[in-house]
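# Chain and residue survey
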Amino acid sequence: MKGKVLFLNVGFNPTNYEETVDFLMHKNNRKGYVCFPDLYNVLRANETLELMKIYNASTLTLPDGKPSQYFIKKKGYQNMTTISGYWLCQKLLNTNLSHFFYGTTDNNIKLMEEKIKKMFPKANIIGFKSPPLVQIDELLNHNQLSKEIKEIQDLNPDIIWIGIGSPKQDYLMHYYSNQKEGTIMIGVGAVFDYFAETAHMGPEFLKKIGLRWLYQLFVQPKRYTSRLFYILIKLPKYMIKSVTTKKEVK
């Protein structure tokens with residue numbers, strides 16, 4: 001796997017689905033955690049040092065949007081593509097790796113379990129569990145959460161999928177992942193709800209042309225209008241600051 005390339009000071013792995021799946025199939029690579037920060041959270045990381053450290057300390061930070069793909073390709077990595085947590089999960093469910101799903105609500109986790117078992121009857125799934133509702137500042141010292149994650153890790157799944165939304169899931173993975181080879185955490189946000197069919201990604205063609213945000217803005221105008229204004233205000237500032245940053249981080 002290639003070294004990380006900086007986009008707005010966050011190190012992304014310039015990779016594609018084939019390389020990512022191949023990387024995760026090797027036990028010695030499965031440690032730590034994997035993040036999928038979108039442009040909104042990349043900009044937030046530029047204002048929150050801890051979040052920046054979390055993304056740059058990951059095993060993999062994968063490009064989930066067109067802005068990161070565009071700028072990284074401009075740096076010479078023509079074979080890289082955006083990586084969707086939803087499609088990566090499906091590809092890995094078709095391997096012999098073992099999985100545990102930790103996230104979303106009790107109702108959605110049941111719906112998700114039913115859907116995945118129908119879609120992937122041969123998948124090696126160890127379990128599904130909905131976590132307690134915890135704020136970011138409670139994550140590190142929450143007894144029930146730490147107990148449940150320890151119990152999951154003791155089952156030794158190859159992949160622990162975390163679906164509690166970004167950046168909360170990124171903090172959780174950073175706090176609770178370890179460098180023991182064999183188990184890696186992958187934070188996939190709303191992917192659990194996409195499987196449960198209680199949320200929808202929108203048309204795939206919009207994602208391919210970089211306009212998925214239009215669908216999200218239509219479906220959740222209050223949430224995504226505020227995000228859009230944040231991006232429009234912050235993006236020029238951090239684009240200028242990132243010009244002098246070195247190309248790669250290890």
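Below or above, wherever it landed, is the structure these notes cover. (Residues numbered from 1 in each chain as written. Predicted model: local features only at pLDDT ≥ 70, side-chain atom pairs only at ≥ 80, totals over all residues. Heavy atoms only, no water.)

## A short note on a nonpolar patch on the surface
A cluster of nonpolar side chains, namely Phe229, Leu232 and Ile233, defines an oily patch on the protein surface of about 350 Å² accessible area. As for its position among the elements, isoleucine 233 is in helix 12 (residues 221–242). (Patch = residues over 30% accessible without salt bridge, like charges linked within 9 Å, V, L, I, M, F, W, Y side chains within 5 Å. Areas by Shrake-Rupley, 256 points an atom, 1.4 Å probe, with all protein chains shown as cover. Salt bridge = Lys/Arg side-chain N within 4 Å of Asp/Glu carboxyl O. Helix = DSSP H or I, 4+ residues; strand = E, 2+ residues; numbered from the N terminus.)

## As for the nonpolar core
Formed by 36 residues in total, the largest nonpolar core has its most connected members in Leu172 and Met185. Here the element with the most residues in this core is helix 2 (residues 39–45); it accounts for five residues. When near neighbours in sequence (up to four residues on either side) are disregarded, methionine 185 contacts Gly32, Tyr33, Val34, Ile149, Gln153, Ile160, Ile162, Met173, Tyr176 and Ser177. Counting residues in hydrophobic clusters, the runner-up holds 32 residues, among them Val21, Tyr86, Trp161 and Ile184. (Core = buried A, V, L, I, M, F, W, Y, C linked by side-chain atoms within 4.5 Å. Buried < 20%, exposed > 50% of the residue type's maximum accessible area, 1.4 Å probe, protein only. Contact = heavy atoms within 4.5 Å.)

## Thoughts on the layout of surface pockets
Of the voids in this model, the second largest pocket is the one considered here, and its volume is about 190 Å³. Contributing to the lining of the second largest pocket are 13 residues, with Thr104, Pro131, Pro132, Leu133 and Ile164 lying nearest its centre. In terms of residue class, the lining of the second largest pocket is built from eight nonpolar, four polar and one charged. (1 Å grid on protein atoms, 1.4 Å probe; cavity = no way out; pocket = protein on both sides within 12 Å on 5 of 7 lines; lining within 4 Å. Points joined across faces, edges and corners; volume = space filled by probe spheres on them. Nonpolar A, V, L, I, M, F, W, Y, C, P; charged D, E, K, R; others polar.)

## Things to note about the pattern of salt bridges
Summed over all chains, the structure comprises seven salt bridges. Measuring nitrogen to oxygen at the nearest pair gives 3.0 Å for the salt bridge that ties aspartate 158 to arginine 30. One end of the pair, aspartate 158, is in the loop between helix 7 (143–154) and strand 7 (159–163); the other, arginine 30, is in the loop between helix 1 (17–24) and strand 3 (33–35), and 128 residues separate them in sequence. Here the two residues aspartate 158 and arginine 30 agree in accessibility, since each one is buried. We note a salt bridge from lysine 117 to glutamate 113, for which the minimum N-O separation is 2.8 Å. Of this pair, lysine 117 and glutamate 113 both sit in helix 6 (residues 106–119), separated by four residues, roughly a single helical turn. Among the residues examined, lysine 117 registers a relative accessible area of 46% and is labelled partly exposed.

## What about the environment of tyrosine 40?
Relative to the elements of secondary structure, tyrosine 40 occurs in helix 2. Measuring from C-alpha to C-alpha, the distance between tyrosine 40 and lysine 234 comes to 9.3 Å, with 194 residues separating the pair along the chain. The residues touching tyrosine 40, leaving out its near neighbours within four places in the chain, are Arg227, Tyr230 and Ile231.

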